[in-house]
Each structure stands twice: as C-alpha cells, then as structure tokens.
Amino acid sequence: MRTDPLAYLAAELDSLGAQGLRRSLRELTGEQAHRSVVDGRSVVNLSSNNYLGLTNHPSLKARAIDAIERLGVGSGSVRTIAGTMAIHTELERRLADFKQVEAVVVFQSGFTANAGTVSSILTKEDIVISDELNHASIIDGCRLSRATIKVFPHKDVDAARAIVRDLPAGPRKLLITDGVFSMDGDLGPLPALCALAEEYGCIMMVDDAHASGVFGRNGRGTVDHFGVHGRVDVQVGTLSKAVGALGGYVAGSRALIDFLHHRARPFLFSTSHPPAVAAACLAAIELLLAEPQLIERLWDNTRFFQAGLKTLGFDTGLSESPITPVIVGDGAKAMQLSDRLFAEGVFAQGIAFPTVARDRARVRTIVTATHTRDELQFALDAFGKVGRELGLV
Ligand SMILES: Cc1ncc(COP(=O)(O)O)c(C=O)c1O
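Residues numbered from 1 in each chain as written. Predicted model: local features only at pLDDT ≥ 70, side-chain atom pairs only at ≥ 80, totals over all residues. Heavy atoms only, no water.

A. Representation of the overall build of the protein. Within the protein, the regular secondary structure consists of 14 helices and 13 strands. Here the C-alpha radius of gyration of the protein, 21 Å, is about what a compact globule of 393 residues would show, namely 21 Å. Summarising its shape, the C-alpha atoms of the protein cover approximately 60 × 55 × 55 Å along the three principal directions. Here the protein holds 393 residues, and 54% of them are scored as buried. If you take every contact in the protein between residues at least 6 apart in sequence, the share linking residues at least 24 apart comes to 71%. Accessible area for the protein stands at about 17,000 Å²; split by element, carbon and sulfur atoms hold 54% of it. (Helix = DSSP H or I, 4+ residues; strand = E, 2+ residues; numbered from the N terminus. Rg over C-alpha atoms; globule rule 2.2 N^0.38 Å. Buried < 20%, exposed > 50% of the residue type's maximum accessible area, 1.4 Å probe, protein only. Contact = heavy atoms within 4.5 Å. Areas by Shrake-Rupley, 256 points an atom, 1.4 Å probe, with all protein chains shown as cover.)

B. Quick look at the sheet that holds strand β11 (residues 346–347). With mixed pairing, the 3 strands of this open sheet are ordered in space as β1-β2-β11. Among the strands making up the open sheet, the edge pair consists of β1 (35–38) and β11. Taken together, the 2 bridges between strand β2 (residues 41–45) and β11 define a ladder with parallel strand orientation. By the bridge assignment for β11, N45 is matched with F347. (Pairing = 2+ DSSP bridges.)

C. Quick look at the pairing of strand β4 (residues 127–131). Of all 5 residues in β4, 5 are buried; the element is thus mostly enclosed. Of the two faces of β4, the one holding I127, I129 and D131 and the one holding V128 and S130 are both buried throughout. The sheet contact formed by β4 and strand β5 (residues 148–152) spans 5 bridges and is parallel. Residue pairing for β5: I127 is matched across the bridge by T148. Assessed by its sense of winding, the connection that carries the chain from β4 through helix α5 (residues 136–145) to β5 is right-handed. Bridge analysis of β4 against strand β6 (residues 173–178) gives 4 bridges, and the strand direction is parallel. Looking at the pairing, I127 lines up with K173 of β6. (Right-handed = clockwise from strand over helix to strand, strands pointing away.)

D. A look at the side chain of S120. Checked against the element boundaries, S120 lands in helix α4 (residues 110–121). We classify S120 as buried; its relative accessible area is 13%. Within the structure, the side chain of S120 is placed 2.8 Å from the backbone oxygen of G116, a separation counted as a polar contact. (Polar contact = N/O pair within 3.5 Å; in protein donor to acceptor, adjacent residues only side chain to side chain.)

E. A look at the sheet that holds strand β8 (residues 234–238). Read from one edge to the other, the open sheet built from 7 strands follows the order β3-β9-β8-β7-β6-β4-β5, with strand pairing classed as mixed. Across the chains shown, the open sheet's two edge strands, defined by having one partner strand only, are β3 (103–107) and β5. Strand-to-strand twist of the sheet, defined as the mean angle between neighbouring strand axes without regard to direction, takes the value 20°. Contacts from helix α6 (residues 157–165) reach β4 and β5 within the one sheet, and its direction differs from that of β5 by about 150°. Across the sheet, helix α7 (residues 190–200) touches β5, β6 and β7 (203–207), and the angle it forms with β6 is around 175°. (Axes fitted to C-alpha atoms, helices over the stretch in contact; angles between N-to-C directions.)

F. Spotlight on the packing of aromatic side chains. This model, assessed by the stated rule, comprises 5 aromatic pairs. Among the aromatic residues, those joined into a cluster by ring pairs are F305, F314 and F383. Between R26 and the ring centre of F342, over which it is positioned, the NZ or CZ distance is 3.8 Å. When the ring centre of F353 is taken as origin, the NZ or CZ atom of R358, which lies over that ring, is 3.7 Å away. (Phe/Tyr/Trp six-rings, centres within 6.5 Å; stacked < 30°, edge-to-face > 60°. Lys NZ or Arg CZ within 6 Å of the ring centre and 35° of its normal.)

If you want it as structure tokens, here you go:
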C-alpha cells in the first residue's frame, strides 16, 4: 500500500493540538455584522474588519445588485486582456480623487496589492528596509522581489536610520511600513519615516489596509491623518475592511500605476473583480464622503470599549485605533480566553504564534460603528467575568 507522502502534515496538526493551538474555522450562518450567528450561536462580533458596518449596508447591496443585473456576475478575464470594465476604471478614478493622487490601480485584494507591488518595483539588486511587524503580504512581496531585506525593530526610526545610513549608495531602497499595524492597532511613525526616506532618497511605501475608511478626513488614511500628502510614493489601501467589499488598491503617480499595469503579476495573471464588487466599492466611497458621522461613531465606540477594558485591568498594548489587543502572553491561554468569551456570547478571536510572537499571544478585538452601547457593555462584562476566572485581571 502507498504510504501517505503528506503524513507529516497530520503530525504537525497533532502537535498543534497538543499545544492547545489547533483551531477549526468558525462559521457564520448569516451576515457579517455587529451581532452575528457564529457556529449556530448569536454572539457580539468583535472579530471582523467591518469597521463601518458596510458589509451589509443597504446602499452597497443595492448598487451591487444593480451591477449584477446590468453587467453580470463576472468579468471573465484578467485586466490586461478583456477584464477591464468601465466600472473598474470608474472606481480607480474615484479612488484617485479620494486619495488626492494622480492614479490608482485596483487589485483583487490588499494582499495581492502589497505582494504584487513590492515584488514588481524591486529587483534582486535592491534593498527593502521594513518594520518587523509589517503585514505578511509585504513580507511575501519582499521575498518574491529577491531584494535584500533589512528589518528594523517595530517603529524604531533611529534603528531604521542606522540601517539606511550604512547602505551602499548604488541600490534602490524601499522604506516600508504599515499605516496601522494589524495585530497591535498602533500607527506607523509616518512623518519621521518620510523624513528619513527624503534624506536618503528612499522610495516611501505605506500599507494603509486598516486605515482606509478609519483614519484621515473621510477615511482617506494615515497619509491624510499625518498630513504627509506628496511624501509617500506608494500607498496601498484595502476595499475589504472598512469599505466592506473586497479588493486592494495602489495609489500614487501615473508612472507607478502604468508600470504596475505592465509588471504586477496578480494584475496580469488573475481575473479582475466581478462588477458587483466595484459597484459596492463606489457606493462605499460615496458614503464615506456623504456620511463621515459613520467614522465618528466608530471612534466613539472605540473610546468607550478601550476605556472599559483598561478599567477592568487588561493589557491592551499601545493601540491607537479600533484594533484593541487584549494581550495574554501564552498562546494556549489566549485560545482559552477566546473560547470562554465565545461561550459567554462574545466572538473575539485568539491570535498566537506565528501571527504574533510566541510570548505576545492575545485576543484581538475590533469594534465597529454599528455596535450598540449595550452590546459593547455586554462584551465588557463578559471580558471581566472570564478575565477574573482565568486570573488575567
Ligand atoms: C496590514 C494589512 N495589510 C494587508 C492586508 C490584506 O488585505 P486584504 O484582506 O484586502 O487582502 C491585511 C488584511 O489582513 C492587513 O491586515
């Protein structure tokens, strides 16, 4: 009989199980919302990136349905062959206006926007200087580019400067940071990094996945929040989180975007969005412009929830955004906290190594604009009860 050549995978899963780190996928039976039915249980949902509650907003749904009726369910091709529909181009034009840049290109996801961009604008002769907590899609893009990767400690601009200062003059250099770090909710030090990039002639790139729709005027992102327009050469945003649908985009100069049309592999070799996705994103941008109070509600809820967690005595790290980690340390303990919260009616996912460092496991919470105060208070009460039970507070 043939021995299973993949048997080592089962062994690895068993080892995860023994460490209390094996997870099964939780399933939502209805909508992604502030209260959702997850694994058959109605819970307050603190695990989504649906910051503004747009995943099921009536105007996004109506526009998506209308696009399906008029344009069908698929684009049928990659962008560079026959998959560029007028609605894709319209979305890019609107995003470019919104971000106050010359041009925008939309990718299938934020992941492919980062990985496709970094890997195509750099070669193996070049150097990336990257924050140690940058997102996996940046790390993969750096690896695919085959450029030399220099990692600086989280947000440590002096350390980044020491790296850049000692680099040879010849190679191109890309300085790259997340705008909002996805596991800690803190902000990249954009003004200081921009100054460093300018001093040494680096390309400056920011991944604003968690800032799109959350920071800056009408959710224009951290470049707007910090007032560094014109100083960041490559801005990445997502359409999958606060915008409520799916996708990623790169915002920058006309030449950057035209180059990506020719060289970014996910753009060249993977089918473009269904028109309904582009239509929903267009509706979302209109909402961001017309109803900035949605973003204000998100921040009100964030302040309320973070203050509540701190009063209870939890370690919420250095969050400056609606992403609030409840840091526990041990991976199995974080999973236990998450499971107990779930039993109490609160869905807050546990996150352990390799997503975060082994001793920084946590439960990550994200409130949204659509949570009610009662729901947030219910979640805080559950955190208090379970935290005391597990000896965390
Ligand atoms: C910092 C960061 N960048 C990029 C991405 C990828 O975005 P998307 O989900 O649109 O692929 C994520 C999402 O997980 C993220 O957290």
